[in-house]
Amino acid sequence: MSKNYWNINYRHRGTVEANCVCVCLCLFMCSKTLCCRLLVATRQHRGGKESPIEAMDTRALGSFVQDGGSRGMQTGVSHFLPTTHKIMQFASGRIPKDGDKIVYTVGSFDIFHCGHVDFLEAAKELGDFLIVGVNTDQVVNYYKGGGNFPIMTLHERVLGVLACRYVDEVVIGAPYEVTQELIDHFKINVVAHGKTPIVLNEDGDDPFQVPKQLGIFQVIDSGSKMTSMTIIDRIIAQRLMYEERNRKKSEQQKLQDSLQAATEQQCNSTN
């Protein structure tokens, strides 16, 4: 990787190596459960109408939940208790200075990937200080059309965004609608959004109506074609290929066993 995309916080971890290990552990934890969540469509990583912490069974910390499907696939449920110390390990520690141009963007940032990095890099170029709002699981599930989304929990998605070097601050559980109060509170100068379609809120209003009226809304084309759905489609396609290959092997083995049994029966009859 030619560019360093990750935040390195010497004062929080002490060494570069410790930071790298911390980031890798988080990414491994997320990717370890990712495929299982997609393939068995488990919703155990989300808590329905409850908040992620209220829905968490602390007795299951670090454990795996056995799926009851026919394939017997184990679905790793990432249960960890978010703490300020853990967040500080990933946070940049930067604060906006007087005169800084503050850029705000909001989204799910599910399955954090290179497309997100390209977008956040482009957003950061619009100003001096980048604030990223990460929506709650319930909000993401709404504008993603239900189903199993988001694949990653709010806390996992927050840590992924915090680890990106272009991000200066993260709003955990940001509202879907960018209101005047939010703009005033963070002194936002630019509201950035990608080229993905904007889903209207439950009242049928544009969640970016206020920044558009203020003339501070800006659409970014990062140039990246990578999306979370691209990754999901690849994983599912590979799984289907795997199942088809195993099916053909099983049929071939059954045919060989049948021919062997017929040959043995014929030999026994001859004898």
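Residues numbered from 1 in each chain as written. Predicted model: local features only at pLDDT ≥ 70, side-chain atom pairs only at ≥ 80, totals over all residues. Heavy atoms only, no water.

Caption draft 1: Region of the structure containing the sheet that holds strand E6 (residues 190-193). On the basis of which strands lie adjacent, the open sheet formed by 5 strands has the order E5-E4-E3-E6-E7 and parallel pairing. At either margin of the open sheet sits one strand with a lone partner, and together these are strand E5 (169-174) and strand E7 (217-219). Direction aside, the axes of adjacent strands within the sheet are offset by 25° on average. In this structure, strand E3 (residues 102-107) lies alongside strand E4 (residues 129-135), joined through 6 bridges in parallel fashion. Paired with Val103 across the bridge in E4 is Leu130. Along the sheet, helix H4 (residues 114-124) makes contact with E3, E4 and E6, crossing E4 at roughly 140°. (Pairing = 2+ DSSP bridges. Helix = DSSP H or I, 4+ residues; strand = E, 2+ residues; numbered from the N terminus. Axes fitted to C-alpha atoms, helices over the stretch in contact; angles between N-to-C directions. Contact = heavy atoms within 4.5 Å.)

Caption draft 2: Structural detail: the nonpolar core. Counting residues in each nonpolar core, the largest one holds 27 residues, and the members touching the most others are Phe109, Leu120, Val132, Val134, Val161 and Val167. The next biggest cluster of nonpolar side chains, apart from the first, holds 16 residues, and it includes Phe129, Val171, Ala174 and Ile216. (Core = buried A, V, L, I, M, F, W, Y, C linked by side-chain atoms within 4.5 Å. Buried < 20%, exposed > 50% of the residue type's maximum accessible area, 1.4 Å probe, protein only.)

Caption draft 3: Geometry of the environment of Glu121. Locating Glu121 in the fold gives a position in helix H4. By relative accessible area, Glu121 is classed as buried at 18%. Put simply, Glu121 and Tyr166 are 45 residues apart on the chain and 5.8 Å apart in space, counted from C-alpha to C-alpha.

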